Structure formats: C-alpha cells, structure tokens
Amino acid sequence: NLASLHDCIMRQAVPPQHREFARAMRRDATRAENMVWQALRGKKLEGLKFKRQVPLDGFILDFLCMDARLIIEVDGGQHSGSARDAVRDAHFAGVGFTILRFWNDEIERNLDGVCRHILHTAGKL
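Everything in this summary refers to the structure shown in the same document. (Residues numbered from 1 in each chain as written. Predicted model: local features only at pLDDT ≥ 70, side-chain atom pairs only at ≥ 80, totals over all residues. Heavy atoms only, no water.)

Attention shifts here to the overall build of the protein. A count of helical and extended segments in the protein gives six helices and four strands. Reading the secondary structure of the protein in the N-to-C direction produces α-α-α-β-β-β-α-β-α-α. Looking at the protein as a whole, 38% of its 125 residues are labelled buried. (Helix = DSSP H or I, 4+ residues; strand = E, 2+ residues; numbered from the N terminus. Buried < 20%, exposed > 50% of the residue type's maximum accessible area, 1.4 Å probe, protein only.)

A few words on the environment of Leu40. As for its position among the elements, Leu40 is in helix H3 (residues 31-40). Owing to a relative accessible area of 1%, Leu40 belongs among the buried residues under this scheme. Along the chain, Leu40 and Arg52 lie 12 residues apart, while their C-alpha atoms are 9.4 Å from each other.

Let's shift gears to the side chain of Arg69. Looking at the element boundaries, Arg69 is found in the loop between strand S2 (59-65) and strand S3 (70-75). Within the structure, Arg69 has its side chain in polar contact with the backbone oxygen of Gly96 (distance 3.1 Å). (Polar contact = N/O pair within 3.5 Å; in protein donor to acceptor, adjacent residues only side chain to side chain.)

As a further point, take the sheet that holds strand S4 (residues 98-103). Taken in spatial order, the four strands line up as S1-S2-S3-S4 in an open sheet, and their pairing is mixed. Because the sheet does not close on itself, it has two edges, and the strands there are strand S1 (51-56) and S4. Across the sheet, the mean angle separating the axes of adjacent strands is 40° when strand polarity is ignored. Across six bridges, S3 lies against S4 in parallel orientation. The partner of Ile71 across the bridge, within S4, is Ile99. Lying over the sheet, H3 contacts S1, S2 and S3, oriented at roughly 35° with respect to S2. Sitting on the sheet, helix H6 (residues 111-121) touches S3 and S4, and the angle it makes with S4 is about 175°. (Pairing = 2+ DSSP bridges. Axes fitted to C-alpha atoms, helices over the stretch in contact; angles between N-to-C directions. Contact = heavy atoms within 4.5 Å.)

With that settled, consider the packing of aromatic side chains. The tally for this structure, following the rule as stated, stands at three aromatic pairs. Aromatic pair Trp37 and Phe63: ring centres 6.1 Å apart, planes at 15°, arrangement stacked. Highlighted residues: Trp37 in helix H3 and Phe63 in strand S2, separated in sequence by 26 residues. Comparing Trp37 with Phe63, the two get one shared label, buried. Here the aromatic residues Phe59, Phe92 and Phe97 are joined through ring pairs into a cluster of three or more. Sitting over the face of the ring of Phe97, Arg69 holds its NZ or CZ atom 4.7 Å from the ring centroid. (Phe/Tyr/Trp six-rings, centres within 6.5 Å; stacked < 30°, edge-to-face > 60°. Lys NZ or Arg CZ within 6 Å of the ring centre and 35° of its normal.)

Right, dumping it as structure tokens:
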C-alpha cells in the first residue's frame, strides 16, 4: 500500500547531522538544482508534489516525489562513474523507486526536455 509506505518512509528517524546537511544543501544549491526546483516546486509540474534534499535511508535525495515513486538526481562531473551513486540507485530501485539522473549542463541547456522526461516517467504524458 503506497500510503503506508509513504508514512513509514517519512516517519523514519533521521540522524541530526543528515538533517543539517540536507538544510545546507538546500541553501547552497547549484544553478541547475535551482532551475529544476523552480520547475517542480508548488506542484507546478502537472500537480506532482516534490520535496528537495530529502534525507532517506542514509542518503540525501535531490528531489523526491512519493506519489510517483520518483527520485530525481542532479549531477555535476564529480558523479561520473560514482560507485556510491550506483549503490544508492540499486537500493532505491529495490524498494520500487525510479531514479532519473540529469547532468547540470543538460538541465541548463534543455530544462523543458528534462521536465518532459520527468512527466513521461511519472505517467503524466
């Protein structure tokens, strides 16, 4: 049941250092993260409710939409071939989430295309 999964996930105890790190990441967002957030915030994208910099299961997710079971990650060059990202993706895919990764320059060049891809993946197109 999606509602009980949502409640279980959102009620997890989050270590204080993860919560503070997530707050710092919201304050220090990259240009690409800010562009995506402006497109997603306030249910602007077909009513999908996203949260940003969500601490969950020992990771900090860039953007999370529980209803669509969708995680969006915005990556710079430091993520190229990242083993930690592969572990995180496998973990969340294993519990039924879809993970979309976009490069910073992809977002800056083609935000509309990124939004269409998100909508398609969420079943809104």
